[in-house]
Each structure stands twice: as C-alpha cells, then as structure tokens.
Amino acid sequence: MADAVAVTSQIRKRKSVGQPLPQIDSAEKVKGLTQYLQDLSVPGMLYGAIVRSAIPHGLIREIDTSRAERLSGVRAVITARDCPGVLFGPQEPQDWEILCRNKVRYIGDEVAAVAAISPDVAKEAAALVRVEYQELPAVYDPFEALKPGAPVLWEQHPDNVAYRFHIERGDLEAGFARADDVFEHDFYTGRFYHGQMEPMGCIVQYHADGGYTIWTPTHLPFRSRMTYSKGLGVSMDKIRIVVPPFGGSFGMKYELNINCIAALLSKKSRRPVKIFFEREEDIGAGHPRMGLHFHYRLGVTRDGRFVAKEARVVGTGGARTFWTPPVLSTACYRIDSLYHFQNVRTEGFLVYTNQSPATCFRGFGNAEALTALETFIDEIGERTGIDPVELRRMNGVKAGDVSLHGWRIASCGLRECLDRAESVSGFRNRKPPPKIPPRRGVVRGIGLAAGHHISGNRIIINEYDGASAQVRLGFDGQVAVIVGEPDIGQGMNTVFAQIAAEVLDVDPASVRSLPIDTLVSPHGVGTLGSRGTTVAGRAVQLAAEDARTKLVSLAAELLGVPPQEIRLQSGSAVVASGGGSLSMAELGREYATRYGGAFLIGHGHFTPPTEIPDATKYGNLSTSYVFGTHVAEVEVDTETGATRVVRYWALHDSGTIINPSTATGQVHGGVAQGIASALLEEVLVKDGRVTNPNFLDYRIPGFQDIPEMYVEFVETKDPYGPFGAKSIGESSLNPTAAAVCNAIYNAVGVRVHQTPVTPERLWKLLETARTEARKKE
Amino acid sequence: MRIRIDLNGREVEADTVPHRSLASFLRNELGLTGTKLSCEVGECGSCTVLLDGRPVTSCLVPVAQADGRSVQTIEGLGINTQMHPLQEAFVGQNAVQCGFCIPGMIMAAKALLDRKPDASSEDVRLILSGNLCRCTGYQKIVEAVVIAAREVQRNG
C-alpha cells in the first residue's frame, strides 16, 4: 500500500495530470486545417479503383482487362497474375490474396484493380473489366455453414471453421452438481458497422529498392508491416508507413488489403496511387463487427453464487480472416475476469460464410459477450429473487484477485461503480416490470449492466509486450513526445503531453507530439487493446523522468549546486534554496552546445507485468483491468416497439483520470455507439448483398437519438499505468447494450435476445406476449 | 462554364463543369480541403457550407447553383489566428475528437447562431440533427454551441 500513499500525496501537487485540458491538436481541427488522408495527395498521384466480385461464391473462369487497358487515362490494370500469390493476413488462418486467384467468396471480393489519372476514369475502367464466373452455391448463416454438406469456402477448411477456441478450467460437471439452479440463455449480437466519418483509404508509392511508402491511418503501423511484407514479398524494413490524422476508425483501420492493392498498382504504374472509398464501398465491401451467437448455461447456488458456466460462441466471420480470431477468443473468455464462475468450459467457432470479412470493433468481442451475459444476469436475478446488483457484487472480482485463467486484478472499482450507479440513478427504487406489456402508450423502464475491459493485451505481438518513448527538448525549450502509437482521434497525444508536462513541470499546452512514421518513430505495438494511456503512457512517463534526470544534472552543473538542489518548476530549472534558474530553452541550447548540437532526449520503456498464456490459456494477459457500471432509462412506445434512451448514467473505474474532459468524451462516444448497437444499427445482408450500404439506409445515431449522460469516475489506484491511470476507450462502450436491453425489460416485461432491438423486433415480442396473456385469460 | 462566387468575403472566378458538386469544386479546384466528404448523399452534414448564409450539404449542390452567390466555408471562419467563438468553444469543451465532422458541424452551428443567437441545448439538438458525429456522442458539441451562443450574444 506504500504505492497508494505515494500516489495520493502527489495528487495535491499535480498541475497537468487531472486537468480537463483541450486536446492539443483541436485548434487545427476546428479551423479545417487538419489534413486527413482524404485531403492528401502526392505529386504524380494516380487514383485506384477495385473490380469486385458481383457474385457471392464462384470460380473465376476468365478476366478480360483489355477494354479497361485501352481506356484513355488508365495507367495500370492488375489481376492475380500481378500478385506474388502467397496467402497472408494479420492472423491465423492466413487467407488473404491481394487479388482473387481462382475463386471469389463474397460479393465485393477483390478481383482486379486499375489505376488512372482521376477517380472517375478509374471507376469507368473498373467497370470495363469483364469477369466470367462459374457460380457456386453460397452459405450465409454460420449454423448452416457448420452442417455437413454445406458449401465449402476454403478447401483447407472443409468444415468452414476458420478458427476454433476451447477453454476449460475447474471441474464443470462437479460445478453444475453443486448448483441449486441451472439457467440457460441465448443471445445474438448483429453485424455492426464502424461508421467512422472518414472512409477507408491509403496512398502508396513504390520505390526503386522494391519497397513502398504507405500513407494510411492505421492503429498498428509497425505490426501491419509484417502482414504487408509477406503479402508483397518484400522485407519489412522496406515498408515505410506514415500515419496521417484519423477521421475515425474504432477498429476498422487496423490492417487492410487495399494497402497491398495500391502497392501493386504503384509498382506497375511507377506512380503513387491513392485508393479512397466512397461510403457505399466502405459499408458494402467493408469489414464490420461480426455477428455473434452466444449460448450460456450457468449454475447458481441458492444464495446466488455462480459455480459453473458452459458457453458456446459462434461468430460469422465472413469469407476471410481479419482480426476475428482474437475477437472470438475475447468473446469466449474475457468475462471470466469480471465474475468468478469457478468452473468453466467454452467452445468458440469462427465460421467462414460468403459475406465480406468482419474485423474488430471497439469492445473487441467483450462488448458483445457482456451484452449476452449482463442481460442473462438480470434475468437470473429476476428468477432467483436475488437483487441482480447483489449477484454482481457477490460474484464480481476484487482487487488482488487472480481470475480462473490467471489474470491478476491489481485494482478494481467494480463495487464502487455498482454502488454509485445505484444511488445516482435511482435504480434501487425502480418499479417492477409489467406482467403483461401494455397495449398502448409510452412506458418507461430502467436497466443496469456492469462491464470491464483490459488495458493492454499480451499477445498482439508474440515476442514482447510494452512500449517505448522519447521525450525531447528543443532549442526553443519546447518538449516533444515521440512514441510509436498513433493518436486515433481519442486524444491520446494530449494525455501523453499532460504526463510529460507533469513530470517536467512545463505547460502541457506547449508539448507537441510528433507524427508517426515507421522510418523514424520509436517502435510501438499499436493503439489497440485499450493500451494507449496505460502502456504507452507509462513509457512516456519514464522517458520524461529520464529527461528530467538529465535536465537536473545539467542545470546543477551549470548553476554550481548539487543535483538534489535543483527543482523543475513552471518551465525552468531553479535552485531550491534560491539563487539562480535556467529556462528550458537555455538548457536545450546548452545541451546542444556541449554535445555537437544534439537534442536532450529522455528515453523510456515499459514492460508490463503480462505473460504469454500457456497451452491451457493460463497467464496474466493485461497490465491492468478496468470496470464500470451503466444505467439506462428508456421509453418504449408499446404500439410500435420504438425505443428511445432518455437518461443515462455511466460510472467507471479507469484508475487515475489524466484528463477528465477527454475521458468523459470517450464515455459519451462509447455509450453513443453502444446505444447504436443496441437499438439502431445492423448491416443487412440478403443473398450475400448488403442492402443498406449508405447513410440513408444505415442510420447512425444523431443528436436526437443520444440522451444527455451523467458520467462519473471512481478513481482506484493501480500500480502500473502512468500516475495510476487505466483505460477508458473500450470499457465506455461495453456495458451499454445490456443496460439498454435490461431497461427495455423493465419497461415492458419482455426479454430481448437479439440486438439491435429494432421497433419491428420488439413489436413482435410485445405482440406475442400480449397474445399469450390473452389466451391464458 | 465560368462561375463567380463570393467565397469567404473574397471574389473568386473559375472555370468548371456545371454538374460538379460544390464540395468537389471547393476541395479539388480551390484546394479548400476543410470541407469534408463523408456520406456523399447529403445525410451526414460533414460537407456543410453556408450558401447565402444558409447551411447546405455541398456534396449535393451543383457548383452552378452557387454562381453569383456567397459561399462561406470553415476556412472563412475566424481571422488569422483568432478563432470564432464557436471554434473556441469547440476546443475549450473538447467537443472535437477525430474532428472529421467538425468543420461541417461548426458551419451548421454558425447558421443556427446567426438566426437564433439565444439557441438553447434543445434548439441545438433539433436544428443540428442533420449533422452526424461518430466520436463524441454529441453532448460536448451541444455544450460548446450553447457556450458559443452566450459568447456571441455578449459581444453583440
């Protein structure tokens, strides 16, 4: 506990950490000066367009590119013949081809590509490429795809299982034997599109040494080079990735095949090539969150202890594997670090189907699992007569606990979040749900759900986990933070600036963050797994401390006092007892004078206390763990089934909050996306074709759909992150859909088992319940 | 065709094709990339500019329609380093995350404040409902516009 005391005593002195400062790059953004990928061009640049499969499944008989090649303004046309022909991809199984060789597997699969002098010419040329197919039967439903005799997408996977997950801990049968009650629950979370405001895109330039420069907003510039390196057949160090500001991503822009397509177009045309999607392509051929089916069986003792959990999780992965295998794993077992289930067995199946490949989305499978589980716990509370909040308190993890799978929970504010959520929202005094749904009128209901997440994940890159950073002092005294993890729009650079400013006691608004370029940036694992603030932020803190040590010793020498006499204070180094000070600019210049013009640079690296899981998947996966509780109040129109969230409360333990304003903004945005997933949005696919590939038909929530929210942070003290900070980006979304579904139950007395809860779906459930009630009368 | 517009208070003349969208004209021919393109069907508001002071989704407006009229874009807001109260409030409230929707959002908000300087948060939620943002959940945007409204009123 010595740590906790030390941290508390520092709080009083903090100037930057804990301040609600504006994002350091927002002045550029509000003036329209930020250059996103959409705004970038490179001299001589061509525009690429992709020829996509028009059928869901079939063999390629012939591709005729001659008419496209003859079109004026076309500079390159490529097919599989121009590709190295190796299967590659970001995860196992590796099943990407840059362009389809023999077979297409979804409507939108990439068959050929063109580069031309304008986007219009490129589009026209793409339409001139003729592809002859021999059509094959297709399969869209994962349960159909798992049946013997179903159409097979990949001959290497005759059962259509791309990836299988299995975990078992304890003695499941003995656990169920101890249970007084066994409950079962099914839930389906629908296919959900990221809806990032800037569609996907890239610019790629081929170089004389066989390498490429790729401008693309990616969460993982360093790691994605491994994927592209294999696909393009060049060594990783010949791929340079430059990361422009993000126009949103939420997981969409991890690693994309378009980078390889543009690379080969550039290689063939010897010109830089830009591919930038229109919205229809971004939705129709994009990579949404996969649909997930959950089946749970949970054994509970009379007093409410969970003693056994059996689960089956089936994911509709689509035709290829993006980041779906770890999403499926996460959906299978991360919840075992929120509650002690004691004995578990989970089987997961990632299934190939003839739809566009899904990928990760903020929440990474855990949001979906929590939607299924937290609605289940609400129902178990109802059926056992035990308060569902009490069930969560009783079974929830605590600080110091080790989960079934060896995850070490160093800090945990779950109970504080539950307590505060109950008291601020009035959930404790809720009315019981109606026995029969009312026939007409608008009714209100309130629902609660808990959630958690990681802060960093061990197995993003197998060999190591952690982050490195540099903190550099310029000749003008300006401090620059240099990391390898890109700010994805959430404000991470601002958090890093505040961390460095805190350590060095400079004005955080003056700290700049350097853009990410794999050629010059320090290596970074990436901005994913809610690791930015916690893992990279800790490296920034350590780098700033190293810079501070160097500054203090330089100042001490110059001012002729021992180093322990020097304090860094408001942008200067001063002698504590009075009598002399030096500005940061003076120190920066003096350092350069002494060392051949060198910048003063502090170095830091952080290796988190994480472990590679063993063969049974046992081992601490994350630096720290975050917790939260959400309460939603909804209005349901009982005649139409239309549901609106009218009030909302979000309580979070994210450790020390570095910036309460940006952290609150993360919660607002996460909840808005959670509400969207609960009520509004689903990528609709009919016979393999997306039927709502635009913002007219795929409605993302607007001002009227999202209520005002109450956000509160319950600050626990975590030993690992910078100043005790943990993550917020994903945990902010995770409990939302379950809270909304539970509120719907409280309003109308009907359980939903599928998201989104569209008016039509809810109306059918209400009608069924009303009809059954009438029959009983 | 040759068109003439009053762009951010300055006369601009250019040759263009009439069916080109105003958004594309601004971005590709004049190099004013502050106006963003996101949905290209007039549903998201990212490309909002003011045409004779009224907000339009410039992805749907043929450039010919702007001929002889005034167009205000995000680049015309604020003078040099000085920001418009809306821009200040968006920064101050952290109403900006990725920022891609923000130029359009601010232009729509400017049209609102020009017409209704005492806009309430309900007004903002109603009148800006054609502008979509995926990052912020809207709350801080509402707060920023209301704060800017107060600022605009105070300074007449």
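Residues numbered from 1 in each chain as written. Chains lettered and ligands numbered in written order. Predicted model: local features only at pLDDT ≥ 70, side-chain atom pairs only at ≥ 80, totals over all residues.

1. Brief notes about the overall build of chain A
Reasoning step 1: Counting secondary structure elements, chain A contains 19 helices and 30 strands.
Reasoning step 2: A globule of 777 residues ought to have a C-alpha radius of gyration of about 28 Å, and chain A, at 27 Å, matches this closely.
Reasoning step 3: Across the 777 residues in chain A, those meeting the buried criterion constitute 60%.
Reasoning step 4: For chain A, contacts bridging at least 24 residues in sequence account for 81% of all contacts bridging at least 6. (Helix = DSSP H or I, 4+ residues; strand = E, 2+ residues; numbered from the N terminus. Rg over C-alpha atoms; globule rule 2.2 N^0.38 Å. Buried ≥ 20, exposed ≤ 12 C-beta atoms within 10 Å, placed from the backbone. Contact = placed C-beta atoms within 7 Å.)

2. Considering the overall build of chain B
Reasoning step 1: Helix and strand counts for chain B stand at 5 helices and 5 strands.
Reasoning step 2: Traced from its N-terminal end to its C-terminal end, chain B shows the element sequence β-β-α-β-β-β-α-α-α-α.
Reasoning step 3: A compact globule built from 156 residues should have a C-alpha radius of gyration of about 15 Å, and chain B, at 15 Å, falls within 12% of that.
Reasoning step 4: In terms of its C-alpha atoms, chain B occupies a principal-axis envelope of roughly 45 × 30 × 25 Å.
Reasoning step 5: Each of the 156 residues in chain B was classed as buried or not, and the buried ones make up 58%.
Reasoning step 6: Counted over contacts in chain B with a minimum sequence separation of 6, partners at least 24 positions apart contribute 63%.

3. Thoughts on the interface of chain B and chain A
Reasoning step 1: Counting residues at the interface gives 40 residues for chain B, matched by 43 residues for chain A.
Reasoning step 2: Looking at which element gives the most residues to the side of chain B that touches chain A, the answer is helix H2 (residues 85–92) of chain B, with 4 residues.
Reasoning step 3: Looking at the side of chain B that touches chain A residue by residue, the class counts come to 19 nonpolar, 14 polar and 7 charged. (Nonpolar A, V, L, I, M, F, W, Y, C, P; charged D, E, K, R; others polar.)

4. Focus: the packing of helix H3 (residues 102–115) of chain B against helix H5 (residues 139–154) of chain B
Residues and elements named next belong to chain B.
Reasoning step 1: At their nearest, the axes of H3 and H5 sit 11 Å apart, and the two run at 40° to each other. The orientation of H3 relative to H5 falls into the category oblique. The handedness of the crossing between H3 and H5 comes out as right-handed. Of the residues in H5, those in contact with Met-105, Ala-109 and Leu-113 of H3 are Ile-141, Val-145, Ala-148, Ala-149 and Val-152.
Reasoning step 2: Taken together, the residues that form the contact of H3 with H5 break down as 8 nonpolar, no polar and no charged. (Axes fitted to C-alpha atoms, helices over the stretch in contact; angles between N-to-C directions. Parallel < 35°, antiparallel > 145°, perpendicular 65-115°, else oblique. Left-handed = near helix turned anticlockwise from the far one by under 90°.)

5. Description of helix H12 (residues 388–395) of chain A
Residues and elements named next belong to chain A.
Reasoning step 1: Of the positions making up H12, those classed as buried are Pro-388, Val-389, Leu-391 and Arg-392. The buried residues of H12 occupy an angular sector of 160° when the element is viewed end-on, so they sit on one face.
Reasoning step 2: Those residues of H12 hidden inside the fold are in contact with helix H11 (366–384), helix H13 (414–425) and strand E16 (442–455). (Arc of directions from axis to C-beta.)

6. Focus: the sheet that holds strand E21 (residues 566–569) of chain A
All names here are of chain A.
Reasoning step 1: Taken in spatial order, the 3 strands make up an open sheet running E21-E22-E23, and their pairing is antiparallel. The outermost strands of the open sheet, each flanked by one partner alone, are E21 and strand E23 (581–583). Across the sheet, the mean angle from the axis of one strand to that of its neighbour is 20°, orientation sign disregarded.
Reasoning step 2: Those strands touched by helix H16 (residues 584–594) are strand E22 (572–575) and E23, and its axis lies near 80° from that of E23. (Pairing = 2+ DSSP bridges.)

7. Some details on the environment of Ile-454 of chain A
Reasoning step 1: Tracing the backbone through its elements, the reader meets Ile-454 of chain A in strand E16.
Reasoning step 2: Not counting residues within four places of it along the chain, the set of residues in contact with Ile-454 of chain A comprises Gly-529, Ser-530, Leu-621, Ser-622 and Tyr-625 of chain A.

8. Topic: the domain arrangement of chain B
Residues and elements named next belong to chain B.
Reasoning step 1: In terms of domains, chain B is made up of domain 1 (2–76) and domain 2 (85–154).
Reasoning step 2: For domain 1 and domain 2, the distance between their C-alpha centroids amounts to 21 Å.
Reasoning step 3: For the side of domain 1 that touches domain 2, the element with the highest residue contribution is strand E3 (residues 48–51), accounting for 3 residues.
Reasoning step 4: Considered class by class, the residues forming the side of domain 1 that touches domain 2 number 6 nonpolar, 7 polar and 2 charged. (Domains from an automatic or database assignment.)

9. Focus: the domain arrangement of chain A
When the parts of a complex come together, some accessible area is lost, and that lost area is often used as the size of the interface.
Residues and elements named next belong to chain A.
Reasoning step 1: The domains assigned to chain A are domain 1 (2–34 + 466–606), domain 2 (37–136 + 201–276) and domain 3 (334–339 + 367–454 + 617–776).
Reasoning step 2: Distance from the C-alpha centre of domain 1 to the C-alpha centre of domain 3: 37 Å.
Reasoning step 3: Of the residues lining the interface, 24 residues belong to domain 1; the matching set on domain 3 comes to 23 residues.
Reasoning step 4: Elements represented by at least two residues in the side of domain 1 that touches domain 3 include exactly helix H1 (2–11), helix H14 (492–504) and helix H15 (532–559).
Reasoning step 5: In terms of residues, the side of domain 1 that touches domain 3 owes the most to one element, H15, which gives 7 residues.

10. Quick look at the nonpolar core
Reasoning step 1: Val-114, Ala-500, Val-540, Val-740 and Ile-744 of chain A together with Val-145 of chain B are the most contacted members of the largest nonpolar core, which totals 288 residues.
Reasoning step 2: At 11 residues, the largest contribution of residues to this core is made by H15 of chain A.
Reasoning step 3: Not counting residues up to four positions away in its chain, the partners in contact with Val-540 of chain A are Ala-469, Val-471, Val-481, Val-483, Phe-496, Ile-499, Ala-500, Gly-604 and Pro-722 of chain A. (Core = buried A, V, L, I, M, F, W, Y, C linked by C-beta atoms within 7 Å.)

11. Description of the sheet that holds strand E29 (residues 709–713) of chain A
Residues and elements named next belong to chain A.
Reasoning step 1: The strand order E16-E25-E26-E29 describes an open sheet built from 4 strands, whose pairing is mixed. Of all strands in the sheet, those with a lone pairing partner are E16 and E29, marking the two edges. When strand polarity is set aside, the average angle formed by the axes of neighbouring strands in this sheet is 15°.
Reasoning step 2: When E16 meets strand E25 (residues 624–637), the two strands line up antiparallel, connected through 14 bridges. Bridging from a neighbouring strand, Ile-454 pairs with Tyr-625 of E25.

12. Re the confidence of the model for chain B
Reasoning step 1: Across chain B, the average pLDDT comes to 96, with 99% of residues at 70 or higher.
Reasoning step 2: Reported for the predicted complex are a pTM of 0.97 and an ipTM of 0.98. (pLDDT = per-residue confidence, 0-100.)

13. Describing the environment of Gln-134 of chain A
Reasoning step 1: With respect to the element layout, Gln-134 of chain A can be found in strand E6 (residues 130–135).
Reasoning step 2: Excluding its chain neighbours within four sequence positions, the residues that come into contact with Gln-134 of chain A are Gly-58, Leu-59 and Arg-61 of chain A.

14. Let's talk about the environment of Val-626 of chain A
Residue and element names in this part refer to chain A.
Reasoning step 1: Here Val-626 is to be found in strand E25.
Reasoning step 2: Taking C-alpha positions, Val-626 is 28 Å from Ile-516, a pair spaced 110 residues apart along the chain.
Reasoning step 3: In contact with Val-626, other than residues within four places in its own chain, are His-452, His-453, Ser-455, Asp-653, Ser-654, Lys-726, Ser-727, Ile-728 and Ser-731.

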